[in-house]
Amino acid sequence: MPKLSLMFEGKVVKEVPIGNRPITIGRSPDNDLPVDNLAVSNHHARVYYEGARLVVEDLDSLNGTFVNDLRVERATLHDGDSIHVGKHYVKVDASHDAPVPYDMGRKAAAPAINETMVLDTKVRREMLQQAAAMGERTQFASGRIKVPTIVVLSGSTASKEYVLTNRLTTIGKSTMATVRLTGWFKPQMAAQISQRDDGYYIGPGDKIPTVNGTPIPGPVRLNDGDLIEVCRVRMNFIFRD
Amino acid sequence: MRIFGGGATDVGRVRSNNEDCFRLVQPMNLFVLSDGMGGEAHGEIASALAVETVVKHCMEAETNPAAPFYGNPPDKLSTHAKRLISAVHLANRNIYKSAEEHPEQSGMGATLTAMWIDGNALSVAHVGDSRAYLLRSGMLQQLTSDHSLVAEQVRRGIISATEAEQSDMQSVLLRALGTQPQVEVDSEEQELFPRDVLLLCSDGLTRMVTEPEIAGTLQAETDPQKACERLIVIANENGGADNISVVVVRLENESKSWFSWLRPGGRKHAGSNGSAGGH
């Protein structure tokens, strides 16, 4: 079976076989290959099979992942490659007979799940409950329903409070904008808030908004209580009970 | 606004048949995409039937606005949004009926994601795990929620988005057309602005190509058809584990504003169409 060997100063520190599950590399002890070095991020990179290809993927680490000294975000691995994280390196040994493709492993573990299937309502409820029981982060499942709300603190808008009900909320002068700016020289679409599965993200439109005083040129996840400012309108993003 | 659309589909590198289906009805600015499932060739039947039904129902409604609405779409929505929802309900009914009449088709189903643009108003109707995206000001935003088990688990905070990407349950859908006599249809209405780019795609794209890669490609390739083809190439390079279908729609300002020559790039925008911007 192909394997990864974590090396430090020429010695093998740990070896793991590469099977169906992704191998994680990082500083935190819950990784398959824990690397105790401050230059390494908690969850630094992962290695897994995609079809028959072995792939390494950097998990937005601070100092980067290097394959044969080239910094990569994602790269296909070959036998003998070395992955550098901090001062350690991981040797790729894919020479041992044919690798077990990730997909084949999945089929063996859970037949037919590779094919798209639809759950009927009863099975679905059971599966979600099971998953909830296994997961630790169940605060959303059991807690009160929180309503994402924009409260206007200062500046001219059509209303003082907006509940975010759509996948996409626009802030601007347009008559169809959710948070409607009033007054002269305001852009039609100043900024936008989009709902994703894991939360709400604000991003620029014709203007670059600030969140808690920091300008944000790209999407940033909003947290309860964040202060948003765009076009001299100050708003609070809060989750109402 | 001027609207340019393109679309492409590919079997991918692993599957032997293509169960995806899409249609661009350019004169109506209607864009429909479906990903079928079911053994043998039945996934193909389901997705083709889904797309066919939606297009036909919307076209009929254009000539006969009094045509009946299926599935009681809410009154507060625009006519286009209501018509799309109605069309998706009808598609569900047709696939379900076909599977009942032909026992060998039993278990077939399809996702469906459709967009209809009317002036600057976008209506989206959606069931399943195909996706609609909007690229605006460099930000790629998903306009639809995946009706998959893992997406539901992320929404409930049971697993993280990263865990969902690694899960081997990604193919498990909670909702699809044709598997139940009734279906719940999601809908969304949005205002569109010049330079917006819309994307419809099957999960064969989104499981193989990351959102930053998608956004980058849509920004770099201004011709919608070429953008579709490029996205398919990337998905195949990354493994092509499933069928890949992509529809890209670009919106541009209709008339040259009086001051457009003042804006950086204003002239280029006013004069270019879908094919002139390629580089």
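Procedures and definitions
- Residues numbered from 1 in each chain as written.
- Chains lettered and ligands numbered in written order.
- Predicted model: local features only at pLDDT ≥ 70, side-chain atom pairs only at ≥ 80, totals over all residues.
- Helix = DSSP H or I, 4+ residues; strand = E, 2+ residues; numbered from the N terminus.
- Rg over C-alpha atoms; globule rule 2.2 N^0.38 Å.
- Buried ≥ 20, exposed ≤ 12 C-beta atoms within 10 Å, placed from the backbone.
- Arc of directions from axis to C-beta.
- Contact = placed C-beta atoms within 7 Å.
- Core = buried A, V, L, I, M, F, W, Y, C linked by C-beta atoms within 7 Å.
- Pairing = 2+ DSSP bridges.
- Axes fitted to C-alpha atoms, helices over the stretch in contact; angles between N-to-C directions.
- Parallel < 35°, antiparallel > 145°, perpendicular 65-115°, else oblique.
- Left-handed = near helix turned anticlockwise from the far one by under 90°.
- pLDDT = per-residue confidence, 0-100.
- Nonpolar A, V, L, I, M, F, W, Y, C, P; charged D, E, K, R; others polar.
- Expected span 1.5 Å × (residues − 1).

Moving on to the overall build of chain B. When its secondary structure is counted, chain B shows 8 helices and 12 strands. Against the compact-globule benchmark of 19 Å for 279 residues, chain B has a radius of gyration of 19 Å, which places it among compact chains. With the C-alpha coordinates of chain B rotated into their principal frame, the extents come out at 65 × 45 × 35 Å. Put simply, chain B has 279 residues, and 54% of those count as buried.

Next up on the list: helix α6 (residues 211-220) of chain B. Helical geometry: 3.6 residues make up each α-helical turn, so side chains three or four residues apart lie on a common side. Residues and elements named next belong to chain B. For α6, the full list of buried residues reads I214, T217 and L218. Here the buried residues of α6 occupy an arc of 95° about the axis, which is enough to place them on one side. What points out from α6, more than 90 degrees from its buried face, is the exposed set P212 and A220. Of the surrounding elements, those touching the buried residues of α6 are β7 (131-136), β8 (139-142), β11 (197-201), α7 (224-237) and β12 (244-252).

What follows deals with the nonpolar core. Among the nonpolar cores identified, the biggest contains 104 residues, and V54, V88, L199 and V246 of chain B are the most heavily contacted of them. Excluding its chain neighbours within four sequence positions, the residues that come into contact with V54 of chain B are V32, A87, V88, A91, L112 and A114 of chain B. The next biggest cluster of nonpolar side chains, apart from the first, holds 19 residues, and it includes V35, L54, V85 and V90 of chain A.

All names here are of chain A. With respect to topology, 6 strands assemble into an open sheet ordered β14-β13-β23-β22-β19-β20, the strand pairing being antiparallel. Each edge of the open sheet is held by one strand with a lone partner, namely β14 (161-163) and β20 (214-215). Inspection of the sheet shows strand β22 (residues 226-230) paired to strand β23 (residues 233-240) by 5 bridges, in the antiparallel sense. The partner of D226 across the bridge, within β23, is F237.

With that settled, consider the environment of Q170 of chain B. All names here are of chain B. Counting through the fold element by element, Q170 comes out in the loop between α4 (161-166) and β9 (172-173). With 21 C-beta atoms packed within 10 Å, Q170 lands in the buried category. Note: C-alpha distance between Q170 and A151 (19 residues apart in sequence) is 8.4 Å.

This part is about the packing of helix α1 (residues 42-63) of chain B against helix α2 (residues 79-101) of chain B. Residues and elements named next belong to chain B. Where α1 meets α2, the closest approach of the two axes is 8 Å, and the angle between their N-to-C directions is 140°. Taken as axis vectors, α1 and α2 run oblique relative to one another. Of the two possible hands of crossing, α1 and α2 adopt the one that is right-handed. Contacts between α1 and α2 involve A46, L49, A50, T53, V54, H57, C58 and A61 from the first element and R83, L84, S86, A87, V88, L90, A91, N94, I95 and S98 from the second.

Bringing the sheet that holds β11 of chain B into the picture now. All names here are of chain B. Pairing in this open sheet of 5 strands is antiparallel, and the strands run β1-β12-β11-β7-β8 from one edge to the other. Two strands in the sheet have a free side with no partner beyond their single neighbour: β1 (2-10) and β8. If you compare each strand with its neighbour and ignore which way they point, the axes differ by 20° on average. The pairing of β7 with β11 spans 5 bridges and is antiparallel. Each bridged residue has a counterpart across the sheet, and for L134 the counterpart in β11 is L198.

Residues and elements named next belong to chain B. Residues at a pLDDT of 70 or more form 91% of chain B, whose mean pLDDT is 90. Across chain B, the element-wise mean pLDDT spans from 42 in helix α8 (residues 266-271) up to 98 in β11. Overall fold confidence (pTM) sits at 0.70, and the ipTM for the predicted complex is 0.71.

All right, on to the packing of α6 of chain B against α7 of chain B then. All names here are of chain B. With their axes 9 Å apart at the nearest point, α6 and α7 run at an angle of 150° to one another. Handedness of the α6/α7 crossing: right-handed. Within the contact between the two elements, α6 uses E213, I214, T217 and L218 and α7 uses A227, R230, L231 and I234. For the contact of α6 with α7, the class distribution of residues is 5 nonpolar, 1 polar and 2 charged.

The next subject is unusual backbone geometry. Of note in this structure, N212 of chain A is not a glycine but carries a positive phi near 50°. One can find N212 of chain A in the loop between β19 (210-211) and β20. Non-glycine residue R195 of chain B carries a positive phi angle of around 80°. Along the chain, the position of R195 of chain B falls in the loop between β10 (186-191) and β11.

Residues and elements named next belong to chain A. Here strand β17 (residues 191-196) runs beside strand β18 (residues 199-204); their pairing, made up of 6 bridges, is antiparallel. Its bridge partner lying in β18, Q192 is registered against G203. Taken together, β17 and the strand that follows it, β18, pair antiparallel across an intervening segment of 2 residues. Where β18 and strand β21 (residues 220-221) come together, 2 bridges link them in antiparallel fashion. Bridging across to β21, Y201 finds its partner in R221.

What follows deals with α7 of chain B. Residue and element names in this part refer to chain B. For α7, which comprises 14 residues, the first-to-last C-alpha distance of 20 Å matches the rise-based estimate of 20 Å (1.5 Å per residue) to within 8%. Residues of α7 that are buried include every one of P224, A227, C228, L231, I232 and A235, and no others. Buried residues in α7, looked at end-on, bunch into an arc of 135°, giving them a common side. Contacts made by the buried residues of α7 are with β1, α5 (203-206), α6 and β12.

We now examine the confidence of the model for chain A. Residues and elements named next belong to chain A. Residue-level pLDDT values for chain A average 80, and 81% of them are 70 or greater. Highest mean pLDDT in chain A belongs to β22 (95); lowest belongs to helix α1 (residues 102-109) (35). Here residues 97-112 scores under 50 on pLDDT; set against residues more than four positions off or in separate chains, the count is 29 contacts. Here residues 135-143 is modelled with pLDDT under 50, and outside its nearest four sequence neighbours on either side it reaches 14 contacts, counting other chains as well.

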